[in-house]
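Each chain, written out:
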Amino acid sequence: MEHAHSFSVVFRGNTPSLWLSMSIVTVQLGQCGNQIGFEVFDALLSDSHSSQGLCSKRENEAYQASCKERFFSEEENGVPIARAVLVDMEPKVINQTLSKAAQSGQWKYGQHACFCQKQGSGNNWAYGYSVHGPRHEESIMSLIRKEVEKCDSFSGFFIIMSMAGGTGSGLGAFVTQNLQDQYPNSLKMNHIIWPYGTGEVIVQNYNSILTLSHLYRSSDALLVHENDAVHKICAKLMNIKQISFSDINQVLAHQLGSVFQPTYSAESSFHYRRNPLGDLMEHLVPHPEFKMLSVRNIPHMSENSLAYSTFTWAGLLKHLRQMLISNAKMEEEVGSDCVAQASLELLVSSDPSTSASQSAGITGIDWHVRPPLSGLPPLGKMSLNKDLHFNTSVANLVILRGKDVQSADVEGFKDPALYTSWLKPVNAFNVWKTQRAFSKYEKSAVLVSNSQFLVKPLDTIVGKAWNMFASKAYIHQYTKFGIEEEDFLDSFTSLEQVVASYCNL
Amino acid sequence: MTQSVVVQVGQCGNQIGCCFWDLALREHAAVNQKGIYDEAISSFFRNVDTRVVGDGGSISKGKICSLKARAVLIDMEEGVVNEILQGPLRDVFDTKQLITDISGSGNNWAVGHKVFGSLYQDQILEKLRKSAEHCDCLQCFFIIHSMGGGTGSGLGTFLLKVLEDEFPEVYRFVTSIYPSGEDDVITSPYNSMLAMKELNEHADCVLPIDNQSLFDIISKIDLMVNSGKLGTTVKPNSLVTSSSGTLKKRHKKPFDAMNNIVANLLLNLTSSARFEGSLNMDLNEISMNLVPFPQLHYLVSSLTPLYTLTDVNIPPRRLDQMFSDAFSKDHQLLQADPKHSLYLACALMVRGNVQISDLRRNIERLKPSLQFVSWNQEGWKTSLCSVPPVGHSHSLLALANNTCVKPTFMELKERFMRLYKKKAHLHHYLQVEGVEKSCFTEAVSSLSALIQEYDQLDTTKNMPNLELRKYISRFSAVSLTYTRCNPQHLPFK
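What counts and how
- Residues numbered from 1 in each chain as written.
- Chains lettered and ligands numbered in written order.
- Predicted model: local features only at pLDDT ≥ 70, side-chain atom pairs only at ≥ 80, totals over all residues.
- Heavy atoms only, no water.
- UniProt positions renumbered as here; feature names shortened; annotations may be inferred.
- Helix = DSSP H or I, 4+ residues; strand = E, 2+ residues; numbered from the N terminus.
- Contact = heavy atoms within 4.5 Å.
- Areas by Shrake-Rupley, 256 points an atom, 1.4 Å probe, with all protein chains shown as cover.
- Domains from an automatic or database assignment.
- Buried area = accessible area lost by both parts, 1.4 Å probe.
- Salt bridge = Lys/Arg side-chain N within 4 Å of Asp/Glu carboxyl O.
- Phe/Tyr/Trp six-rings, centres within 6.5 Å; stacked < 30°, edge-to-face > 60°.
- Buried < 20%, exposed > 50% of the residue type's maximum accessible area, 1.4 Å probe, protein only.
- Pairing = 2+ DSSP bridges.
- Axes fitted to C-alpha atoms, helices over the stretch in contact; angles between N-to-C directions.
- Expected span 1.5 Å × (residues − 1).
- pLDDT = per-residue confidence, 0-100.
- Disulfide = S-S within 2.5 Å.
- Parallel < 35°, antiparallel > 145°, perpendicular 65-115°, else oblique.
- Nonpolar A, V, L, I, M, F, W, Y, C, P; charged D, E, K, R; others polar.
- Polar contact = N/O pair within 3.5 Å; in protein donor to acceptor, adjacent residues only side chain to side chain.

- Per an unreviewed UniProt entry, chain B is named Tubulin epsilon chain, and its organism is Pongo abelii.
- The Sequence similarities (unreviewed entry) field of the UniProt record for chain B holds the comment "Belongs to the tubulin family."
- Reading the Subunit (unreviewed entry) entry of the UniProt record for chain B gives the comment "Found in a complex with TEDC1, TEDC2, TUBE1 and TUBD1."

### Some details on the overall build of chain A
Here is step 1 of the chain: A count of helical and extended segments in chain A gives 19 helices and 13 strands.
Here is step 2 of the chain: Taking all contacts inside chain A whose residues are at least 6 apart in sequence as the whole, residues at least 24 apart take part in 81%.
Here is step 3 of the chain: Accessible surface for chain A amounts to roughly 18,300 Å². Of this, 51% is attributable to carbon and sulfur atoms.

### Comments concerning the overall build of chain B
Here is step 1 of the chain: Per the secondary structure count, chain B includes 15 helices and 13 strands.
Here is step 2 of the chain: Put simply, of all contacts in chain B between residues at least 6 apart along the chain, 81% involve residues at least 24 apart.
Here is step 3 of the chain: Accessible surface computed for chain B: about 19,700 Å², of which carbon and sulfur atoms make up 52%.

### Some words on the domain arrangement of chain B
Residue and element names in this part refer to chain B.
Here is step 1 of the chain: One can read the domain layout of chain B as domain 1 (1-241 + 254-404) and domain 2 (405-458).
Here is step 2 of the chain: Each partner contributes residues to the interface: domain 1 has 36 residues there, and domain 2 has 33 residues.
Here is step 3 of the chain: Of the roughly 2,900 Å² buried where domain 1 meets domain 2, counting both sides, 72% is carbon and sulfur surface.
Here is step 4 of the chain: A per-residue breakdown of the area domain 1 buries against domain 2 is headed by Tyr 190, Met 193 and Thr 403, which together make up 26% of the total.
Here is step 5 of the chain: Linking domain 1 with domain 2 are one salt bridge, by the criterion used here.
Here is step 6 of the chain: Across the salt bridge formed by Lys 197 and Glu 442, the nearest N and O atoms sit 4.0 Å from each other.

### Some details on the packing of aromatic side chains
Each pair of aromatic rings is reported with the distance of its centres and the angle of its planes.
Residues and elements named next belong to chain A.
Here is step 1 of the chain: The full count for this structure, using the stated rule, is 49 aromatic pairs over all chains.
Here is step 2 of the chain: On the numbers, 5.6 Å between centres and 85° between planes, the contact of Tyr 206 with Tyr 478 is edge-to-face. Taken as a pair, Tyr 206 in helix α7 (residues 204-218) and Tyr 478 in helix α18 (residues 475-479) lie far apart in primary sequence, 272 residues in all. Residues Tyr 206 and Tyr 478 agree in their burial class; the two are buried.
Here is step 3 of the chain: Plain terms: the ring middles of Phe 290 and Trp 422 are 5.7 Å apart, the flat faces sit at 40° to each other, and that makes the pair tilted. With Phe 290 in the loop between α10 (276-284) and β10 (292-298) and Trp 422 in the loop between β11 (393-402) and α16 (425-428), the pair connects residues that are 132 residues apart, well separated along the chain.
Here is step 4 of the chain: On the accessibility criterion, Phe 290 (0% relative accessible area) is buried.
Here is step 5 of the chain: Classification of Trp 422 by relative accessible area gives partly exposed; the value is 24%.

### Let's talk about the sheet that holds strand β1 (residues 23-29) of chain A
Strand pairing in a sheet relies on backbone hydrogen bonds. The paired strands run either parallel or antiparallel.
All names here are of chain A.
Here is step 1 of the chain: Here 10 strands make up an open sheet; going across it, the order is β6-β4-β1-β7-β8-β9-β10-β13-β11-β12 and the pairing mixed. A strand with exactly one partner marks an edge of an open sheet, and here the two such strands are β6 (114-116) and β12 (429-434). Geometrically, the sheet is characterised by an average inter-axis angle of 20° between neighbouring strands, direction not taken into account.
Here is step 2 of the chain: Across three bridges, the pairing between strand β4 (residues 84-88) and β6 is parallel. Looking across to β6, one finds that Val 87 is bridged to Phe 115.

### Description of helix α4 (residues 91-104) of chain A
Residues and elements named next belong to chain A.
Here is step 1 of the chain: In a regular helix each residue adds 1.5 Å, so 14 residues correspond to 20 Å; α4 covers 20 Å between its end C-alpha atoms and thus fits that length.
Here is step 2 of the chain: Restricting attention to buried positions, one finds in α4 the residues Pro 91, Lys 92, Val 93, Ile 94, Thr 97 and Ala 101.
Here is step 3 of the chain: Within two residues after α4, Gly 105 carries a phi angle of roughly 75°, on the positive side.

### A few points about the confidence of the model for chain A
Here is step 1 of the chain: Averaged over chain A, the pLDDT score is 82; the fraction of residues at 70 or greater is 83%.
Here is step 2 of the chain: Per-residue pLDDT stays below 50 along residues 335-388 of chain A; that stretch engages in 95 contacts with residues further than four places along the chain or on separate chains.

### Quick notes on the pattern of salt bridges
Here is step 1 of the chain: Within the structure shown, the criterion is met by 29 salt bridges over all chains.
Here is step 2 of the chain: Lys 57 of chain A is paired through a salt bridge with Glu 61 of chain A; the nearest N and O atoms lie 3.1 Å apart. Here Lys 57 of chain A pairs with Glu 61 of chain A, and both are found in helix α3 (residues 57-71), just four residues apart, close to one helical turn.
Here is step 3 of the chain: With relative accessibility at 41%, the residue Glu 61 of chain A sits in the partly exposed group.
Here is step 4 of the chain: A salt bridge links Asp 458 of chain B to Lys 406 of chain B, with the nearest nitrogen and oxygen atoms 3.0 Å apart. Pair noted here: Asp 458 of chain B is in helix α14 (residues 437-459) and Lys 406 of chain B is in helix α12 (residues 406-422), with a separation of 52 residues, a long-range link. The burial state of Asp 458 of chain B is the same as that of Lys 406 of chain B; both residues are buried.

### Description of the side chain of Ser 162 of chain A
All names here are of chain A.
Here is step 1 of the chain: Mapped onto the elements, Ser 162 comes out in strand β7 (residues 154-162).
Here is step 2 of the chain: Judged by relative accessible area, which is 14%, Ser 162 ranks as buried.
Here is step 3 of the chain: The contacts of Ser 162, once residues within four sequence positions are left out, are Cys 32, Gly 168, Ser 169 and Ile 193.

### A look at the state of the cysteines
Here is step 1 of the chain: Evaluated as defined, the whole model comprises zero disulfides over all chains.
Here is step 2 of the chain: Free of any disulfide, Cys 32 of chain A has its nearest cysteine sulfur in Cys 234 of chain A, 14 Å distant.

### Quick look at the packing of helix α2 (residues 30-49) of chain A against α4 of chain A
All names here are of chain A.
Here is step 1 of the chain: At a minimum axis separation of 9 Å, α2 and α4 run at an interaxial angle of 10°. Classified by the interaxial angle, the pair formed by α2 and α4 is roughly parallel. For the pair formed by α2 and α4, the contact residues are Gln 31, Asn 34, Gln 35, Phe 38 and Asp 42 on the first element and Val 93, Ile 94, Thr 97, Lys 100, Ala 101 and Ser 104 on the second.
Here is step 2 of the chain: Looking at the contact of α2 with α4 residue by residue, the class counts come to four nonpolar, five polar and two charged.

### Some remarks on the sheet that holds strand β6 (residues 138-146) of chain B
Residue and element names in this part refer to chain B.
Here is step 1 of the chain: With respect to topology, six strands assemble into an open sheet ordered β5-β4-β1-β6-β7-β8, the strand pairing being parallel. Looking along the sheet, the strands with just one partner apiece sit at the ends: β5 (98-100) and β8 (205-210). Across the sheet, the axes of successive neighbouring strands diverge by a mean angle of 15°, strand direction being ignored.
Here is step 2 of the chain: Bridge count between strand β4 (residues 71-75) and β5: three bridges; the pairing is parallel. Counterpart to Leu 73 in the pairing with β5 is Leu 98.

### Brief notes about the environment of Gln 212 of chain B
All names here are of chain B.
Here is step 1 of the chain: Within the secondary structure, Gln 212 is located in helix α7 (residues 211-226).
Here is step 2 of the chain: Here Gln 212 falls in the partly exposed class, since its relative accessible area comes to 24%.
Here is step 3 of the chain: For the pair Gln 212 and Ala 257, spaced 45 residues apart in sequence, the C-alpha separation works out to 13 Å.
Here is step 4 of the chain: Setting aside chain neighbours within four positions, we find Gln 212 in contact with Ser 180, Glu 182 and Gln 335.

### Description of the packing of helix α8 (residues 227-237) of chain A against helix α9 (residues 245-260) of chain A
Residue and element names in this part refer to chain A.
Here is step 1 of the chain: Orientation of α8 relative to α9, taken along the N-to-C sense of each, is 100°, at an axis distance of 9 Å. Classified by the interaxial angle, the pair formed by α8 and α9 is roughly perpendicular. Here Asn 227, Val 230, His 231, Ile 233 and Cys 234 of α8 come into contact with α9, specifically with Phe 245, Asp 247, Ile 248, Val 251, Leu 252 and Gln 255.
Here is step 2 of the chain: When grouped by side-chain class, the residues that make up the contact of α8 with α9 number seven nonpolar, three polar and one charged.

### Describing the pairing of β1 of chain A
Residue and element names in this part refer to chain A.
Here is step 1 of the chain: Most of β1 sits inside the fold, with seven of its seven residues counted as buried.
Here is step 2 of the chain: The side-chain alternation of β1 yields two buried faces, one formed by Ser 23, Val 25, Val 27 and Leu 29 and the other by Ile 24, Thr 26 and Gln 28.
Here is step 3 of the chain: Of the strand pairs in this sheet, β1 and β7 are connected by six bridges, and their pairing is parallel. By the bridge assignment, Val 25 is partnered in β7 with Phe 157.
Here is step 4 of the chain: One ladder, built from four bridges, connects β1 with β4; its direction is parallel. Across the sheet, the residue bridging to Leu 29 is Val 87, located in β4.

### Overview of the side chain of Ser 258 of chain A
Residues and elements named next belong to chain A.
Here is step 1 of the chain: Following the sequence through the fold, Ser 258 ends up in helix α9.
Here is step 2 of the chain: Using a relative accessible area of 0% as the deciding quantity, one classes Ser 258 as buried.
Here is step 3 of the chain: A distance of 2.7 Å separates a polar atom in the side chain of Ser 258 from the backbone oxygen of Gln 255.
Here is step 4 of the chain: Look past the residues within four positions of Ser 258 in its chain and what remains in contact with it is Asn 297, Ile 399, Arg 401, Phe 438 and Val 446.

Now the structure itself:
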């Protein structure tokens, strides 16, 4: 990974283009991807223009310049153009997205940045992957290439998609694979929307397992947002009565913004980090078997409530740590008895012959022989964490933004008990502190975590998909387009492996 | 955006079709104030410059010149079609898209299917191809017909095979009117049975509807409208049975109210594909989500609300009431009770000012009282379309793939057997060339097999997961080499 800080000591003052951030190209896929993408760019730019940065003018300007370079390309008539490629198999959503952006007056999408067809993927992963993918490969890749070429310095891809539908999921998997082939040295982070547990789409579990298993091979990191969790934030923290997808997407965009907006590195407080994706990957994905990342962001509340609230870093960080330990999705879920809540049905077996995951209570495919993954301890050897019933992490990144940020004490996150035994906290934990406040929050703390957070949702989806698969329901819809039962079985196998790996932490 | 073509066959099919086009125009007129020919309108209408002679008149953008329905009208009698062509909708139909005869099918499926089928096959093919050529991206054929007569039933189902062969990638959605118990066509059981086999084999999706249900809904509405309760006046154009202004009162035919319900069904079915919304649902998603096995493609529909009250002070629990109503047997367009049968899948298509939280709240609320098949416990497909129907602020169309269709099929079989055992009227069928006894026996097997599928599913109600595998193993083509245990305990809640 590139590091800019070796230069920062020598060159100070103005920010020549060398100092500006490397750029990220966003690929928005399907209805969900496009609706979210719009909110993300909107949130990034709004924050960047915000007058409540609580820092010096020069600081603010550097922040703005960095944000702009990262996500937008040169102004055309003064209007920034999002570095994005919009892909959908039917036109309604893209048309809406384009016009909403243009209406904002603050930014817009490139005129020729869209790829659209007339007929959607029908919620069919196989159709998105096997039909739309190959058919439109050239056009889509060509659009992406043009966008990449516009970047002076390219950091990587941010691909926004849902798992439940047909385009985002199937075509998304196909495009990611193509990016892997055509840009083997560039980073790819997929932002995946986990559907509501109670159906949005009946075949969502099939589409999800096919997507996840494919992405695990071709993507570098999977940043997950669960609709259920974000919905709760809207309901309980934001007090929104009639929650729309717009509301949900805005909360999501806020969380992503707080991760992706420019930050200082620990080493150099003079300039913003240059390589957002590279830095995230480096800190959060130390081993390719562990790619699932989740985001927690506090505080998060309605504007009315915000006016009456004050926070201390100590308070925020304590809360965040508790959320990490107890696998809470949002602040309110952390009660005073959080440890009791998190205390497990986990029965630790001291018998090394039983497979780790069975003792952990997650029963997967009945493997009798399973080779240990390279770099990891052989199966059967328990880590101490099991006794403590913690949510065990592979890596954590805390990003702090706002007033008096240097005084924030993050020692609590360096506790070895939080991490798997084969990593030392000094390697597994990182913190980025930035003076410039984010989006009206005087202080905000974000946790990006590679931990067991997503094990249960993943296991649930795999279970439901398996349940349906056992009865062969809907399979004919997939085999029609070349996705056979073997492909399903492969997906089950891969994901069982992922679940097991995480359980063994 | 895709286009759909409506193929209306027989007297019933054409009458319903006529109502459909009337309401479609009304809907688009209400939404499209500027008179611009946009993609939403193009899903069902062509924009034609009538000054141009021949085929060159199509205009793809800009102001609306003259709208022509993407329809093919087929009837073996001239009465109904002629009336349409002389009525207020005459300019909406392209006279080249009609196929008529004079003698009628005599309420005989065999005449409709075999005689007229072979006689008009080429013409039918030609008209269908023409209508497809006018489409940029044809997604779906909507066939409207009745099951009990001769033309709609026989020729209507003959069409299905033609469509399957000629346009294999285009969906075939069939709206079928099933005969009620007191149907006055004696041979309707024969016609329906023979048609069922075709529907089983060549339709992607069938929406069965019966006259009795439509009639009951109308009675309900009349009761409401005429009840004269203080403060509850109904908005006239909001009635699910109302027409737009184009069909003047004195032309109102006896079945208009009932036909309008079906017309509204089709409009709501396609609304999320035509108009924008926060969670779109295209027509190809209906089949994908609601048809778990190819043979089980019969969907029971319900439409709510049936009317809007003009009193705007009605409290918001009206919204939740709409969801509850969708599951009551009084609102189904078929004599069926989905609440007390087994759901294989359910789709909720919402229009208007309804958000995801409203949808979720109601699903959570209603789920406990509904039974879903074990492998699809959360079998909900949902959509949110921003544009409400005319006269409403919101509406809901529920499509259920539910074993509650079984009684309809069983009754059909019973009525058929009563006639068939006595060989009553059989000779009318057997004397048609190409019809033999085997046609009947095959049709009966086909229906019996279908009924048996539903039976087997019904027995799985309330059964725990593990025992289920014995029943569902017959579906599996590949022997399962993996076993997966039920997850019992997971580290975190």
